[in-house]
Amino acid sequence: MPLLPGAEPFRHDGGEIGVLVCHGFTGSPQSVRPWAEHLARRGLTVSLPLLPGHGTRWQDLAVTGWQDWYAEVDRELRALRERCARVFVCGLSMGGALALRLAAQHGAEISGVAVVNPANRIHDPLAVALPVLRHLVPSVKGIVSDIAKPGSQESGYDRMPLHAVHSMRRFYRVVDAELPQVTQPLLVMHSPQDHVVPPADSERILSQVSSRDVIERRLERSYHVATLDYDAEFIFEETDTFITRLTAGMGEDSGAYPGDVGGKEGAAASG
């Protein structure tokens, strides 16, 4: 099955600091590729996998579940751990939930977590009917391209298969129960005007994790897919600053992160 434009996985061999980037539900690597490419240009080793069932047609997603999506990012993380001295995980939307579960499961093997509009639950009142509804209604309208910036488009499905939505809902429950196990430094960036994942999800995550080193940034000008929106560069710079600070003790001769990137505290930042 041909891939959608930009849905190809992205990998870059850089230094001894690795970053795993996770895309969201019904999206593809295209939605976070600029984030991954920015980190690659900074000299990091980067892995951005294509989640099973994504990047082709929504019918392919209907026969997968959260265990498949999580297994893919877990494999990529283990590969990065074999290659790199330090590893960070990043994610958008459901990709943020995947990143948080990796942090809960792998503990000290992960040096930090950066998430953008991370999802924590499905808020539609009809979600309680998913166990039955998914057998009656194959799919519903999609959620891609919630972007404020004109001309910026997300490559993803225009339909959401309800079997997969049901599995995602179960996954969010698993992740929510494991949030207290997240102890790593955490950077949470979220949009007040998000038409897919409300700010309440980020608030819930911030209130439940056990991380003591926590940074919260508001993406005032962007909608859900902020990595393709007005605040994209701000996200990249904040991630730079976050990783630089946490790897400052690594020597340059080891292929470490340069450590010369400063964060831009602009109109998009708060907290």
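Cut-off values and rules
Residues numbered from 1 in each chain as written. Predicted model: local features only at pLDDT ≥ 70, side-chain atom pairs only at ≥ 80, totals over all residues. Heavy atoms only, no water. UniProt positions renumbered as here; feature names shortened; annotations may be inferred. Helix = DSSP H or I, 4+ residues; strand = E, 2+ residues; numbered from the N terminus. Contact = heavy atoms within 4.5 Å. pLDDT = per-residue confidence, 0-100. Pairing = 2+ DSSP bridges. Axes fitted to C-alpha atoms, helices over the stretch in contact; angles between N-to-C directions. Parallel < 35°, antiparallel > 145°, perpendicular 65-115°, else oblique. Left-handed = near helix turned anticlockwise from the far one by under 90°. Nonpolar A, V, L, I, M, F, W, Y, C, P; charged D, E, K, R; others polar. Salt bridge = Lys/Arg side-chain N within 4 Å of Asp/Glu carboxyl O. Buried < 20%, exposed > 50% of the residue type's maximum accessible area, 1.4 Å probe, protein only. Phe/Tyr/Trp six-rings, centres within 6.5 Å; stacked < 30°, edge-to-face > 60°. Lys NZ or Arg CZ within 6 Å of the ring centre and 35° of its normal.

- Looking at an unreviewed UniProt entry, the chain carries the name Alpha/beta fold hydrolase, with the source organism given as Streptomyces botrytidirepellens.

Examining the UniProt feature "site: Important for substrate specificity" (unreviewed entry) in the chain
- As annotated in UniProt, the feature "site: Important for substrate specificity" (unreviewed entry) corresponds to I143 in the numbering used here.
- The residue I143 is located in the loop between β6 (139-141) and β7 (159-161) in this model.
- Excluding residues that lie within four positions of it along the chain, I143 makes contacts with F25, T26, M160 and V196.

Observations concerning the confidence of the model for the chain
- Summing up the model confidence of the chain, the mean pLDDT is 90 and the portion of residues at 70 or higher is 92%.
- Here residues 252-271 is modelled with pLDDT under 50, and outside its nearest four sequence neighbours on either side it reaches 44 contacts, counting other chains as well.

Quick word on the sheet that holds strand β8 (residues 186-190)
- Read from one edge of the open sheet, seven strands run β1-β3-β2-β4-β5-β8-β9, paired in mixed fashion. Either end of the sheet is taken by a strand with one partner, and the two such strands are β1 (10-12) and β9 (214-218). With direction set aside, neighbouring strand axes in the sheet form an average angle of 15 degrees.
- Pairing of strand β4 (residues 86-92) with strand β5 (residues 112-116) involves five bridges; the strand directions are parallel.

Observations regarding the packing of helix α3 (residues 66-83) against helix α4 (residues 94-106)
- The geometry of α3 relative to α4 is characterised by a closest axis approach of 10 Å and an angle of 60 degrees between their N-to-C directions. Taken together, α3 and α4 sit at an angle that is classed as oblique. Crossing of α3 against α4: the hand is right-handed. Residues W66, W69, Y70, V73, D74, L77 and R78 of α3 pack against M94, L98, R101, L102, Q105 and H106 of α4.
- A per-class count over the contact of α3 with α4 returns eight nonpolar, two polar and three charged.

What to know about the pattern of salt bridges
- Under the definition given, this model contains 11 salt bridges.
- With its nearest N and O atoms 2.7 Å apart, the salt bridge here joins E72 to R75. Of this pair, E72 and R75 both sit in helix α3, three residues apart, roughly one helical turn.
- Looking at R75, the relative accessible area reads 48%, which means it is partly exposed.
- A salt bridge links R218 to E220, with the shortest nitrogen-to-oxygen separation between them at 2.8 Å.
- For R218, a relative accessible area of 32% corresponds to the partly exposed category.

Some remarks on the UniProt feature "domain: Serine aminopeptidase S33" (unreviewed entry) in the chain
- The feature "domain: Serine aminopeptidase S33" (unreviewed entry), as given by UniProt, occupies residues 19-227 in the numbering adopted here.
- The span residues 19-227 is 36% helical and 17% strand by assignment, and the distance between its end C-alpha atoms comes to 16 Å.

Considerations on the packing of aromatic side chains
- A complete count under the given rule lists four aromatic pairs for this structure.
- When the ring of W66 is compared with that of F171, the centres are 5.3 Å apart and the planes differ by 25 degrees; the resulting orientation is stacked. Residue W66 is located in helix α3, and its partner F171 is located in helix α6 (residues 162-178); the two are separated by 105 residues in the primary sequence. In this structure, W66 and F171 share a single accessibility class: buried.
- The residue whose ring lies beneath R101 is Y70, and the NZ or CZ to ring-centre distance is 4.6 Å.

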